[in-house]
Amino acid sequence: MKMKCLYVAVAAAVLSLAACRSSKDAVSVNDLDGEWNVVEIQGQAVQAESQPFIGFDAQDGRVYGYTGCNRLMGALTLSKPNKIELGQMASTLMACPDMETERLMLNALASVKSLKCSGKTLVLYGADKEPVMLLQKRFEVVPLSSLNGEWKVVAVNGTALPAMENIPAFSLDMTTHRIGGNSGCNRLSGEIRHDAAVENSISFANVASTRMACPDMDTENQVLSALNQVCAYGMLANGHLALMAEGSTVVLELERSK
């Protein structure tokens, strides 16, 4: 599979594993660049079915993200130390059952004037120097070799897997660049590919599986479809491995097998 990420590729190329120096220091490009989960807006915890996030690419002057419903994109300028200017945001036009988080998020972004970073937390402030948004690092890029081993699938497209007799699981061999395992019913095997130009690039090609028929094939079909979309990876704060598709969408969440 040769699909490229639209948004992850540029941001991940400059993502630094180093934590922000302190809330008193000027926020550098390396501190800011990358993707951040939106955890609070105007002091209120975000409770959304799909996790909103913001991505910053300061070197190219871009901001992008996901509101929990729509994709958004715009321009950013770091004019002075800890000062940030966000241009008018453009977004997709999907309608979702709950648009309140999106409304609050867009209003908050429109008011942002400055920022501070401490550890893996980023705070955005309005003109009155009051915090309008609290962000936490979405994932870290670890060496590709760290993915080596056995992983079980705990969520597909953001939905936790139901209890099942044969849990989908993958074996990643980063030495031979092979994937093996099962998709919930059938055994699978294929190639692991990495684009050296993109730090957290990963994709799976020539994936083949056995052809047994099981009573419930829905989970297997979802796992295989998600696997075919993967183009990037990142390690989540909970220690799980996120496999992401185009636009930084987490399509598979994996937990290392004990």
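As shown above, the structure is provided for reference.
First, a word on scope: everything that follows refers to the structure included in this document.

Turning our eyes to something else, we now look at the overall build of the chain. Tallying secondary structure elements over the chain gives four helices and 19 strands in all. Across the 258 residues in the chain, those meeting the buried criterion constitute 47%. Summarising the internal contacts of the chain: among those between residues at least 6 apart in sequence, 50% fall at separations of at least 24. Summed over its atoms, the accessible surface of the chain is roughly 12900 Å², and 51% of this surface lies on carbon and sulfur atoms.

To continue, consider the environment of glutamate 85. Take glutamate 85: it is sitting in strand E6 (residues 85-86). Distance in space between the C-alpha atoms of glutamate 85 and alanine 75 is 8.2 Å, their sequence separation being 10 residues. Setting aside chain neighbours within four positions, we find glutamate 85 in contact with Ala75, Leu76, Thr77 and Ser79.

The next point concerns the pattern of salt bridges. Counting across every chain of the model gives six salt bridges. With a shortest N-O distance of 2.7 Å, glutamate 35 and arginine 138 are connected by a salt bridge. Taken together, the residues glutamate 35 in strand E1 (residues 34-41) and arginine 138 in the loop between strand E10 (131-137) and strand E11 (149-156) connect sequence positions 103 residues apart. According to the relative accessible area criterion, glutamate 35 is buried, its value standing at 2%. The class for arginine 138 is buried, based on a relative accessible area of 10%. For glutamate 100, the salt bridge identified is with arginine 103, shortest N-O distance 2.5 Å. A residue pair is termed a helical-turn pair when its members lie 3 or 4 positions apart in one helix, as glutamate 100 and arginine 103 do in helix H3 (residues 100-110) at three residues. Using a relative accessible area of 42% as the deciding quantity, one classes arginine 103 as partly exposed.

Note: most peptide bonds trans; most residues except glycine with negative phi. Non-glycine residue asparagine 82 carries a positive phi angle of around 65°. Within the secondary structure, asparagine 82 sits in the loop between strand E5 (71-77) and E6. Although it is not a glycine, histidine 177 adopts a positive phi angle of roughly 60°. Relative to the elements of secondary structure, histidine 177 occurs in the loop between strand E13 (169-173) and strand E14 (178-182).

Turning next to the layout of surface pockets. A volume near 1200 Å³ is recorded for the largest pocket. Residue lining of the largest pocket: 41 residues in total, with Glu49, Ser50, Gln51, Tyr66 and Gly158 positioned closest to the centre. Those elements that provide at least two residues to the lining of the largest pocket are E1, H3, E10, E11, strand E12 (159-160) and strand E19 (249-256). Per element, the largest residue contribution to the lining of the largest pocket is three residues, and it comes from E19. Its residues assigned to classes, the lining of the largest pocket shows 17 nonpolar, 15 polar and nine charged.

Across all of its chains, the model carries two disulfides by this definition. With a sulfur-sulfur separation of 2.0 Å, cysteine 69 is cross-linked through a disulfide to cysteine 96. Across the S-S bond linking cysteine 69 and cysteine 96, the dihedral sits near 85°, which makes this disulfide right-handed. One end of the pair, cysteine 69, is in the loop between strand E4 (62-66) and E5; the other, cysteine 96, is in the loop between strand E7 (90-91) and H3, with 27 residues separating them in the sequence. Overall, the relative accessible area of 21% leaves cysteine 96 in the partly exposed class. Through a disulfide, cysteine 185 is tied to cysteine 214; the S-S separation comes to 1.8 Å. Judged by the sign of its S-S torsion, about 75°, the bond between cysteine 185 and cysteine 214 is right-handed. You can see cysteine 185 sitting in the loop between E14 and strand E15 (187-193) and its partner cysteine 214 sitting in the loop between strand E16 (203-209) and helix H4 (218-229), a full 29 residues away along the chain. Among the residues examined, cysteine 185 registers a relative accessible area of 10% and is labelled buried. By relative accessible area, cysteine 214 is classed as partly exposed at 25%.

Cut-offs and rules
- Residues numbered from 1 in each chain as written.
- Predicted model: local features only at pLDDT ≥ 70, side-chain atom pairs only at ≥ 80, totals over all residues.
- Heavy atoms only, no water.
- Helix = DSSP H or I, 4+ residues; strand = E, 2+ residues; numbered from the N terminus.
- Buried < 20%, exposed > 50% of the residue type's maximum accessible area, 1.4 Å probe, protein only.
- Contact = heavy atoms within 4.5 Å.
- Areas by Shrake-Rupley, 256 points an atom, 1.4 Å probe, with all protein chains shown as cover.
- Salt bridge = Lys/Arg side-chain N within 4 Å of Asp/Glu carboxyl O.
- 1 Å grid on protein atoms, 1.4 Å probe; cavity = no way out; pocket = protein on both sides within 12 Å on 5 of 7 lines; lining within 4 Å.
- Points joined across faces, edges and corners; volume = space filled by probe spheres on them.
- Nonpolar A, V, L, I, M, F, W, Y, C, P; charged D, E, K, R; others polar.
- Disulfide = S-S within 2.5 Å.

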